[in-house]
Amino acid sequence: MTVLSPRPDLWTLDPGVLHLNHGSYGAVPRRPQELLAELRAETEANPMRWFRSVAGRLAASRLELAAYLQTDPAGFALVPNASAGVTAALVTLDTAGAIPAGSRIVLTNHAYGAVLYAAERFARINQAEVVIVDVPLEADDATVVAAIATAVDDRTAALIVDQISSATAMVFPIRQLAELCGAHDVPLIVDGAHAPALIDAPAEDGADFWTGNFHKWPASPRATAGLVVAEKWRTATLPLIVSWSERDERLPERFDMQGTYDYAPWIAAPESLRVLAELDWSRRRPQLSAMIDDGAKLVAKALGTGVAEVARPAATMRLVELPFDGVPSPEAGEAFKTKVSEELKAEITLTAFDSRVFVRLSAHAYNSPHDYELLAARLPTVL
Ligand SMILES: Cc1ncc(COP(=O)(O)O)c(C=O)c1O
């Protein structure tokens, strides 16, 4: 097997820093950055001409992005981020009267904080409640489905589940959960924020609503995400911003026009897919998994801890336990990350689960095994 070389040359990342947290905000390679800059220059050369061209360019971009996800372009709309995708799904259920008083919105203890806030808002508005199902880190797919099944019944207004969780970098069995929801006629909202480029055809497992970010693992310009809507909800699903395309009967076109807005990232996003192709992504991804496995073990060894035993870990993220005495406050957690950034020249993130604290490490095509060796040498010095 040929080992593909790291390609930091395709990015513009500061070489003096260890970039080990692609999972939070991504990192845009040089070529999509340049295209974005060209598109913005074109806008400012003639704003009127640019806005006349936007509809056609968005349509072309959507087709490429939907093809990348292997999903039906008629059910694929552009949204600025996964948070907007989840919110649009909840608004749709709310407007359809599908969150009645006394009903329950079900999530797991792996859910992303902002997504939990969204569920809480729509529960509050409707005098419904939020139910959190505990799913252990080491749960296999059958255990995950059995745990969630205990909360899916005729009171359930919706199940919101991560495809890949943020705090725990765990892959959830979406197809089985879609079957469970289908059997109880419960709408399933899949938070696939991390899924594009880490899972093939991520939106095809039968969710009612699926959302995923292009600005994470596909490394597209930020504020680029997709919302995939099952056929039965397409007419009812409306964009969060009411604008001129409000009355368009077609779902994707209805989401295209969001008033005066910066459409350049959505138009530049397919360029990042071409970078993934150049990186030979489908061959590279398993190699990145092997690299992050080794790298995480090295860092854990240096800290005298272990790598979290997640039953189905995400392809390119691992959790290394920190020898902390309890979960730090948000302020203390931020202070730790800032110290690591400033003193160790390393970018990492912290996550907490079940009173345990972890460094969540990422691997992308710009990383090399040496990055993890350097982190392993440096991190113990700040503990
Ligand atoms: C699981 C999960 N859901 C939702 C989000 C929110 O994504 P965005 O900030 O693009 O809205 C994130 C971001 O990291 C995430 O990890």
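What counts as what
- Residues numbered from 1 in each chain as written.
- Predicted model: local features only at pLDDT ≥ 70, side-chain atom pairs only at ≥ 80, totals over all residues.
- Heavy atoms only, no water.
- Pairing = 2+ DSSP bridges.
- Helix = DSSP H or I, 4+ residues; strand = E, 2+ residues; numbered from the N terminus.
- Axes fitted to C-alpha atoms, helices over the stretch in contact; angles between N-to-C directions.
- Near = heavy atom within 4 Å.
- Polar contact = N/O pair within 3.5 Å; in protein donor to acceptor, adjacent residues only side chain to side chain.
- Areas by Shrake-Rupley, 256 points an atom, 1.4 Å probe, with all protein chains shown as cover.
- 1 Å grid on protein atoms, 1.4 Å probe; cavity = no way out; pocket = protein on both sides within 12 Å on 5 of 7 lines; lining within 4 Å.
- Sits in = over half its atoms within 2 Å of the grid points.
- Nonpolar A, V, L, I, M, F, W, Y, C, P; charged D, E, K, R; others polar.
- UniProt positions renumbered as here; feature names shortened; annotations may be inferred.
- Expected span 1.5 Å × (residues − 1).
- Bend = angle between axes of the 7 residues up to and from the residue.
- Buried < 20%, exposed > 50% of the residue type's maximum accessible area, 1.4 Å probe, protein only.

Colleague: Is there a simple way to explain the sheet that holds strand E9 (residues 317–321) in this structure?
Modeller: Strand pairing in a sheet takes place through backbone hydrogen bonds and is either antiparallel or parallel in direction. Strand order in this open sheet of 3 strands is E9-E12-E11, and the pairing throughout is antiparallel. Among the strands making up the open sheet, the edge pair consists of E9 and strand E11 (349–353). Between one strand and the next, the sheet's axes are offset by a mean angle of 40°, whatever the strand orientation. Pairing geometry for E11 and strand E12 (residues 356–362), over 5 bridges, is antiparallel. Counterpart to Leu350 in the pairing with E12 is Val359.

Colleague: Whenever I open this one, the site of the ligand confuses me. Can you help?
Modeller: By nearness alone, 13 residues border the ligand, and Ser83, Asp191, His194, His215 and Lys216 come closest of all. The contact in question runs from a nitrogen atom of the ligand to an N or O atom on the side chain of Asp191, over 2.5 Å. Here His215 contributes a side-chain N or O atom positioned 2.9 Å from an oxygen atom of the ligand. Isolated, the ligand exposes 390 Å² of accessible area, and the fraction of that covered by the protein chains is 88%. Put simply, the ligand lies in the largest pocket. The class makeup of the residues in the shell around the ligand is 4 nonpolar, 6 polar and 3 charged.

Colleague: Quick question: what am I supposed to make of the UniProt feature "domain: Aminotransferase class V" (unreviewed entry) in the protein here?
Modeller: Here, UniProt's "domain: Aminotransferase class V" (unreviewed entry) annotation points to residues 82–301. As annotated, residues 82–301 has a helix share of 40% and a strand share of 14%, and its two end C-alpha atoms lie 35 Å apart.

Colleague: What exactly am I supposed to notice about helix H3 (residues 47–69) here?
Modeller: Because each turn of an α-helix spans 3.6 residues, side chains separated by three or four positions end up pointing in the same direction. Between its terminal C-alpha atoms H3 stretches 31 Å, which fits the 33 Å expected from 23 residues at 1.5 Å a residue. The sharpest bend along H3 comes to roughly 40°, located at Val54. For H3, every residue scored as buried is listed here: Trp50, Val54, Leu58, Ser61, Arg62, Leu65, Ala66 and Leu69. Of the residues flanking the end of H3, it is Gln70, one or two places downstream, whose phi is positive at about 60°.

Colleague: Before we go on, may I ask you to explain helix H4 (residues 82–95) in this structure?
Modeller: Over its 14 residues, H4 extends 20 Å from the first C-alpha to the last, a length consistent with the 20 Å expected when each residue adds 1.5 Å. Looking at H4, one finds that the buried residues are Ala82, Ala84, Gly85, Val86, Ala88, Ala89, Leu90, Thr92 and Leu93. Gly97 sits one or two residues past H4 and shows a positive phi near 70°.

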